[in-house]
Amino acid sequence: MLFRSVGSGLRMIGQNRTYRSLALGNYRQLAQAMAIDPAMLRYLDNAQNVKASPNQNFARELMELFLLGVGNYTEADVDAMARSWTGHSVDRDSGRYVFRRTQHDFGTKTLFGVTRTWDGPAAIDHILRDDASLQGTAARLIAKKLWEYFAYPSPATTLVDGLAQQFVASDLDLRRLVTSILTHPEFYSATAKSAIVRPPVDMVVAVLEATGMKSADLRLVNQFEAMGQTPFNPPNVSGWRSNASWINTSSWAARMNFVSLIAQRHSAKLAPASFVGLSTDQMIDKAAQFARVDLTAASRDAVRQIVGVSMRPTGTALFNLHRAVLVAPEFHIS
């Protein structure tokens, strides 16, 4: 677990601030900052990577997850990359990044067919800036990851290639890439509108925005743990799995408990008089507008069956109405 391995809340907060500050900037700058982040150096063991005994953990994950993807580097590249990152560590007293020259391997290394006295940051620049072929591979990896995060899994190769070309042309500007994704015609397709199951954190943020509730009122640490996504504590360096992984017996039950709590607290704040005179369908529309979802005909029928065809705006009825809407599949898909 990430937090357990890092062992410092301050380091995790610092890493989060770094990611937030660079998330829409230049990807090469983000990669460089990530590589020397104290939390990352601890988590992937590079703090213990020394010339006498090179540790390959960070080098492998750097190329597999953040730069190139599986199959686009060799074991020899992993070895050279690990040697390049020796000496990049964390100061025990301050908890900050430090470069220990006496622990760095200044010898020649052959990385992607190029032999020189490689250092870690220079290796990142080589991949993301200096070698056009490697830069293109990296651009496709990041474009695909972001498309799958925002739109849907397994996009067509032609779509990814087009986004990657724009990404390279912008000198790996993440804001430009995200803009290209969000304005792409395919992003508004039927597939993209119903392909991503909201992770618990995304769902909770949507709830807080819709209701105006404060996170401190909801014991969110316990809620997230029950739903399987504790912030700052992903299961491994690749992060949480998506989509179907959020739909299982334990996590789904926790989701239902959470939306029931929200429905209870929200309905208690409502003035039943504001629903007087509305038909059941109009009440469903109002509840759906609160949840910011477009219910399908099937979901509307299910909600109608739960609340009854002649619903009266009592406290219990409004609770059942809002819970039924928040349970609907449309609320859990983004």
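One can find the structure itself at the top, above this paragraph.
These remarks concern the structure in this document. (Residues numbered from 1 in each chain as written. Predicted model: local features only at pLDDT ≥ 70, side-chain atom pairs only at ≥ 80, totals over all residues. Heavy atoms only, no water.)

Some points on the overall build of the protein chain
Then step 1. Scanning the protein chain from terminus to terminus reveals 17 helices and 4 strands.
Then step 2. Summarising its shape, the C-alpha atoms of the protein chain cover approximately 80 × 45 × 30 Å along the three principal directions.
Then step 3. Looking at the protein chain residue by residue over its 334 residues, the buried ones come to 46%.
Then step 4. A fraction of 64% describes how many contacts in the protein chain between residues 6 or more apart in sequence connect residues 24 or more apart.
Then step 5. Of the accessible surface of the protein chain, which amounts to about 16800 Å², a share of 52% is contributed by carbon and sulfur atoms.
Then step 6. Within the protein chain, the 28 negative side-chain charges are centred at a point lying 7 Å from the centre of the 35 positive side-chain charges. (Helix = DSSP H or I, 4+ residues; strand = E, 2+ residues; numbered from the N terminus. Buried < 20%, exposed > 50% of the residue type's maximum accessible area, 1.4 Å probe, protein only. Contact = heavy atoms within 4.5 Å. Areas by Shrake-Rupley, 256 points an atom, 1.4 Å probe, with all protein chains shown as cover. Lys, Arg positive; Asp, Glu negative; His and termini not counted. Charge placed at Lys NZ, Arg CZ, Asp CG, Glu CD.)

Things to note about the nonpolar core
Then step 1. Counting residues in each nonpolar core, the largest one holds 50 residues, and the members touching the most others are Tyr-27, Leu-62, Phe-66, Leu-67, Met-81, Ile-127 and Leu-128.
Then step 2. Look past the residues within four positions of Tyr-27 in its chain and what remains in contact with it is Phe-66, Leu-128, Ile-142, Phe-167, Leu-172 and Leu-174.
Then step 3. Core analysis: the next-biggest nonpolar cluster, separate from the first, contains 36 residues, Met-213, Ala-254, Leu-261 and Ala-291 among them. (Core = buried A, V, L, I, M, F, W, Y, C linked by side-chain atoms within 4.5 Å.)

As for unusual backbone geometry
Then step 1. Even without a glycine there, the phi angle at Ser-154 is positive, about 50°.
Then step 2. As for its placement among the helices and strands, Ser-154 is situated in the loop between helix 8 (132-150) and helix 9 (157-169).
Then step 3. Positive phi is not limited to glycine here, since Arg-292 has a value of about 60°.
Then step 4. In this structure, Arg-292 sits in the loop between helix 15 (280-291) and helix 16 (297-307).

A word on the pattern of salt bridges
When charged atoms on two side chains of opposite charge get close, those side chains can pair.
Then step 1. For the structure shown, the criterion picks out 11 salt bridges.
Then step 2. Where Arg-60 meets Glu-75, a salt bridge forms, and the shortest distance between an N and an O atom there is 2.8 Å. Highlighted residues: Arg-60 in helix 5 (residues 57-67) and Glu-75 in helix 6 (residues 75-84), separated in sequence by 15 residues.
Then step 3. Between Arg-300 and Asp-285 there is a salt bridge whose closest N-O contact spans 2.7 Å. Highlighted residues: Arg-300 in helix 16 and Asp-285 in helix 15, separated in sequence by 15 residues. (Salt bridge = Lys/Arg side-chain N within 4 Å of Asp/Glu carboxyl O.)

Let's talk about helix 14 (residues 249-269)
Then step 1. Its 21 residues give helix 14 an end-to-end C-alpha distance of 31 Å, which sits within 8% of 30 Å, the value for a rise of 1.5 Å per residue.
Then step 2. Burial in helix 14 covers these residues: Ser-251, Ala-254, Arg-255, Met-256, Phe-258, Val-259, Ser-260, Leu-261, Ile-262, Ala-263, His-266 and Ser-267.
Then step 3. Looking at the buried residues of helix 14, the elements they touch are helix 12 (200-211), helix 13 (220-227), helix 15 and helix 17 (315-327). (Expected span 1.5 Å × (residues − 1).)

Digging into the packing of aromatic side chains
Then step 1. According to the stated counting rule, one finds 5 aromatic pairs in the structure shown.
Then step 2. With centroids separated by 5.3 Å and ring planes inclined at 85°, the aromatic side chains of Phe-58 and Trp-85 adopt a geometry described as edge-to-face. Here the residue Phe-58 occupies a position in helix 5, and Trp-85 occupies one in the loop between helix 6 and strand 1 (88-90), the gap between them amounting to 27 residues. Accessibility assignment for this pair places Phe-58 and Trp-85 in one class, buried.
Then step 3. Consider the rings of Trp-147 and Phe-187, whose centres lie 6.4 Å apart with planes at 75°: the pair is edge-to-face. Of the two residues, Trp-147 is situated in helix 8 and Phe-187 in the loop between helix 10 (174-182) and helix 11 (190-193); the sequence distance between them amounts to 40 residues.
Then step 4. By the ring-pair criterion, three or more aromatic residues cluster together here, those being Trp-147, Tyr-152, Phe-187 and Tyr-188.
Then step 5. Sitting over the face of the ring of Trp-118, Arg-116 holds its NZ or CZ atom 4.2 Å from the ring centroid.
Then step 6. Over the ring of Phe-331 we find Arg-198; its NZ or CZ atom is 5.1 Å from the centre of that ring. (Phe/Tyr/Trp six-rings, centres within 6.5 Å; stacked < 30°, edge-to-face > 60°. Lys NZ or Arg CZ within 6 Å of the ring centre and 35° of its normal.)

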